[in-house]
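If you want the building blocks of each chain, they are given just below.
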Amino acid sequence: MKVTVNKIPEGSQENAVINAVNIDDNISAAVSLLENGERTLVGYRDGDKFLIKEPAVYYAEAVDEKCFVYTKDSCYELKQKLYELEAILDFRFVRVSKSMVLNIKKIKSVKTAENARMNAALLNGEQVVISRSYVKDLKKRLGL
Amino acid sequence: MKSTVKVLIEQSSLIAFLILVGISIEEFIEFLNGEPFYLDWFIPISIVIVSVLSSLPSLLILKERETDGSNSKWFLILHFLLVYAIVMGAGYFFKWYTTFQYFVYTSLIYVCIYFAVWFVTLLFYRHDEKMINTALESFRDDE
């Protein structure tokens, strides 16, 4: 899509006009970002379409070639692959296993498990596994 | 690839150090019993070789960590047996033991070293856990 940005005088009302044949997921996400200042993902549940605010996402997981995002108490299917999603998510998200990207702001605590893995307790009470080989990425993201 | 090599080097170093600790204890006991200290020329290089070979089954553990963890017990048992086979095979080749009695001693030292490696590794993991939890304090959302 061709994007045109025009500079306007200070004090003028900023606005955006999108001319599109179809309102697809990318356009919906762009509209939400422009309107609310927050990035959103487009998820699907029971055939309905939902806009999910990125900071509300706890983690994204690939299951049987499908990608799901989990919020505090809901789950949505995404159209993207996990690696595509990982590429667009912001600094809050870090890969913690081959099939999961986790929002580190939603981690309550971590604990080493008996099998040398690391379990993460999330703010909503869920537990997820952090593969040992991805712990260094998590530490790096936390500035350790 | 880089992390795999790093794990192999870490494991080799730790195993070599603990083998040296084991040999030191064994030789010290023999010294106390009045037996003379004697070390063949190939013993140091055999320690290096066995350390590197013994770290290779750790690749199994790395692979297992990518799974759902349901088979972790079997991976650990397989890892223990594989390393035992490598140590005792190399030990036979390098004449670490020549009698059944020393075979048993070597096996006992192996078991001690194996669990010591795990213990030290777990200490490192606990240190990671503590650092991450401290860092999370100032990072997590309020909900």
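Now for a look at the structure at hand.

So, how was this worked out
Residues numbered from 1 in each chain as written. Chains lettered and ligands numbered in written order. Predicted model: local features only at pLDDT ≥ 70, side-chain atom pairs only at ≥ 80, totals over all residues. Contact = placed C-beta atoms within 7 Å. Helix = DSSP H or I, 4+ residues; strand = E, 2+ residues; numbered from the N terminus. Nonpolar A, V, L, I, M, F, W, Y, C, P; charged D, E, K, R; others polar. Buried ≥ 20, exposed ≤ 12 C-beta atoms within 10 Å, placed from the backbone. Pairing = 2+ DSSP bridges. Expected span 1.5 Å × (residues − 1).

### Looking at the interface of chain B and chain A
Step number 1: With 20 residues of chain B in contact, the opposing surface of chain A contributes 25 residues.
Step number 2: With 10 residues, the single largest contributor to the side of chain B that touches chain A is helix 5 (residues 100-137) of chain B.
Step number 3: Class assignment of the residues belonging to the side of chain B that touches chain A gives a composition of eight nonpolar, four polar and eight charged.

### Here's the deal with the pairing of strand 5 (residues 75-78) of chain A
Remark: a regular strand shows side chains that alternate across the two faces of the sheet.
All names here are of chain A.
Step number 1: Residues Tyr76 and Leu78 line the buried face of strand 5, whereas the alternating positions Cys75 and Glu77 sit on a face that is not buried.
Step number 2: Taken together, the four bridges between strand 4 (residues 66-70) and strand 5 define a ladder with antiparallel strand orientation. Residue pairing for strand 5: Val69 is matched across the bridge by Tyr76.
Step number 3: With antiparallel pairing between neighbouring strands as the criterion, strand 4 and strand 5 make up a hairpin whose turn holds four residues.

### Here's the deal with helix 1 (residues 25-36) of chain A
Spacing of three or four residues puts side chains on the same side of an α-helix, whose turn is 3.6 residues.
Step number 1: Over its 12 residues, helix 1 of chain A extends 16 Å from the first C-alpha to the last, a length consistent with the 16 Å expected when each residue adds 1.5 Å.
Step number 2: In the stretch just after helix 1 of chain A, A:Gly37 is the one whose phi turns positive, near 75 degrees.

### Topic: the pairing of strand 9 (residues 118-122) of chain A
Residue and element names in this part refer to chain A.
Step number 1: Across the two faces of strand 9 the burial differs, with Met118, Ala120 and Leu122 buried and Asn119 and Ala121 not buried at all.
Step number 2: As defined by bridge partners, strand 8 (residues 107-112) adjoins strand 9 across five bridges and the pair is classed as antiparallel. Along strand 9, the bridge assignment pairs Thr112 with Met118.
Step number 3: With four bridges connecting them, strand 9 and strand 10 (residues 127-130) associate as antiparallel partners. Each residue of the ladder has a partner; that of Ala121, found in strand 10, is Gln127.
Step number 4: Between strand 9 and strand 10, which pair antiparallel and follow one another directly, the connecting turn spans four residues, one of which, Gly125, has a positive phi of 95 degrees.

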